[in-house]
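Overview (structure and organization)
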Amino acid sequence: AQSVTQLGSHVSVSEGALVLLRCNYSSSVPPYLFWYVQYPNQGLQLLLKYTSAATLVKGINGFEAEFKKSETSFHLTKPSAHMSDAAEYFCAVSGAETSGSRLTFGEGTQLTVNP
Amino acid sequence: ETGVTQTPRHLVMGMTNKKSLKCEQHLGHNAMYWYKQSAKKPLELMFVYNFKEQTENNSVPSRFSPECPNSSHLFLHLHTLQPEDSALYLCASSQGDGTDTQYFGPGTRLTVL
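The paragraphs below set out a description of the structure included in this document. (Residues numbered from 1 in each chain as written. Chains lettered and ligands numbered in written order. Predicted model: local features only at pLDDT ≥ 70, side-chain atom pairs only at ≥ 80, totals over all residues. Heavy atoms only, no water.)

So, the sheet that holds strand β1 (residues 4–7) of chain B
Residues and elements named next belong to chain B. The antiparallel open sheet is built from four strands, whose spatial order is β1-β3-β8-β7. For this open sheet the edge positions go to β1 and β7 (64–70), each flanked by a neighbour on one side alone. With direction set aside, neighbouring strand axes in the sheet form an average angle of 20°. Two elements, β1 and strand β3 (residues 18–25), share four bridges in a ladder whose sense is antiparallel. Note that in β3 the partner of Val4 across the bridge is Gln25. (Pairing = 2+ DSSP bridges. Helix = DSSP H or I, 4+ residues; strand = E, 2+ residues; numbered from the N terminus. Axes fitted to C-alpha atoms, helices over the stretch in contact; angles between N-to-C directions.)

The structure is reproduced here in structure tokens:
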């Protein structure tokens, strides 16, 4: 079975500081990994996706994530936080071991950006 | 309209009411999903449809009844709900192969009184 663990349900950073949101996964087959962002009262928006083409994945809004197989991690980073980055972030895993396009989501990390 | 749309955006209903949530995708996808998002809990997959056929039902109570008349439309029929069913209900769609990206609608905020 697949699983995702997001370390830290709440992360707070200052505007302009580095953003680091942690995600560890468990999968018995090579995974596809995703980061989604959810702004208040909205659905989930795809930030980026890892599909084994490159271990460093660049997404929208200046975010990127690095796949590290040895650490089973897919942490999300952004060099300089902006107030508009305040939202909830979800890591998700999908793999061929499950039928259809089944995504398993982490519990989410709420990012607060302080002025 | 582009992407995935959901109506209504907000719904308040009593426990004896019957209502329906609607989802429409304009992406040419073959798979559609219903998720429940409750406060302080992970996203819960409820139903999966692939080419209009239900391929997954995650032990969802029968008071939730999905309908997928075609690959572009998905409904969630609600009847005799409980207050604990209050949540954000999200619809998503994807191409339908094993590992593709899901695109989400804005959700319907449901309150059951």
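Considering the packing of aromatic side chains
With the rule as written, the count across this model stands at 13 aromatic pairs over all chains. When the ring of Tyr25 of chain A is compared with that of Phe67 of chain A, the centres are 5.9 Å apart and the planes differ by 25°; the resulting orientation is stacked. With a gap of 42 residues between them, Tyr25 of chain A in strand β3 (residues 19–26) and Phe67 of chain A in strand β7 (residues 64–68) connect regions that are remote in the sequence. Each member of the pair, Tyr25 of chain A as well as Phe67 of chain A, is classed as buried. Taking 5.8 Å as the distance between ring centres and 90° as the angle between the ring planes, the aromatic pair formed by Phe105 of chain A and Tyr35 of chain B counts as edge-to-face. With Phe105 of chain A in strand β10 (residues 104–105) and Tyr35 of chain B in strand β4 (residues 31–37), the pair connects residues from two separate chains. An aromatic cluster is present here, built from Phe34, Tyr36, Phe90 and Phe105 of chain A together with Tyr33, Tyr35 and Phe104 of chain B joined pairwise through their rings. (Phe/Tyr/Trp six-rings, centres within 6.5 Å; stacked < 30°, edge-to-face > 60°. Buried < 20%, exposed > 50% of the residue type's maximum accessible area, 1.4 Å probe, protein only.)

Overview of the interface of chain B and chain A
Counting from both sides, the interface comprises 24 residues of chain B and, opposite them, 22 residues of chain A. Here chain B and chain A share an interface that buries about 1,700 Å² over both sides, 49% of which is from carbon and sulfur atoms. Linking chain B with chain A are zero salt bridges, by the criterion used here. Among the secondary structure elements, those contributing two or more residues to the side of chain B that touches chain A are β4, β5 (44–50) and β9 (87–94) of chain B. Of the residues in the side of chain B that touches chain A, the class split is nine nonpolar, ten polar and five charged. (Contact = heavy atoms within 4.5 Å. Buried area = accessible area lost by both parts, 1.4 Å probe. Salt bridge = Lys/Arg side-chain N within 4 Å of Asp/Glu carboxyl O. Nonpolar A, V, L, I, M, F, W, Y, C, P; charged D, E, K, R; others polar.)

Remarks on the environment of Trp34 of chain B
All names here are of chain B. Along the chain, the position of Trp34 falls in strand β4. We classify Trp34 as buried; its relative accessible area is 0%. For Trp34 and Arg63, which are 29 residues apart along the polypeptide, the C-alpha to C-alpha distance reads 14 Å. There is a polar contact of 3.2 Å between the side chain of Trp34 and the backbone oxygen of Phe75. (Polar contact = N/O pair within 3.5 Å; in protein donor to acceptor, adjacent residues only side chain to side chain.)

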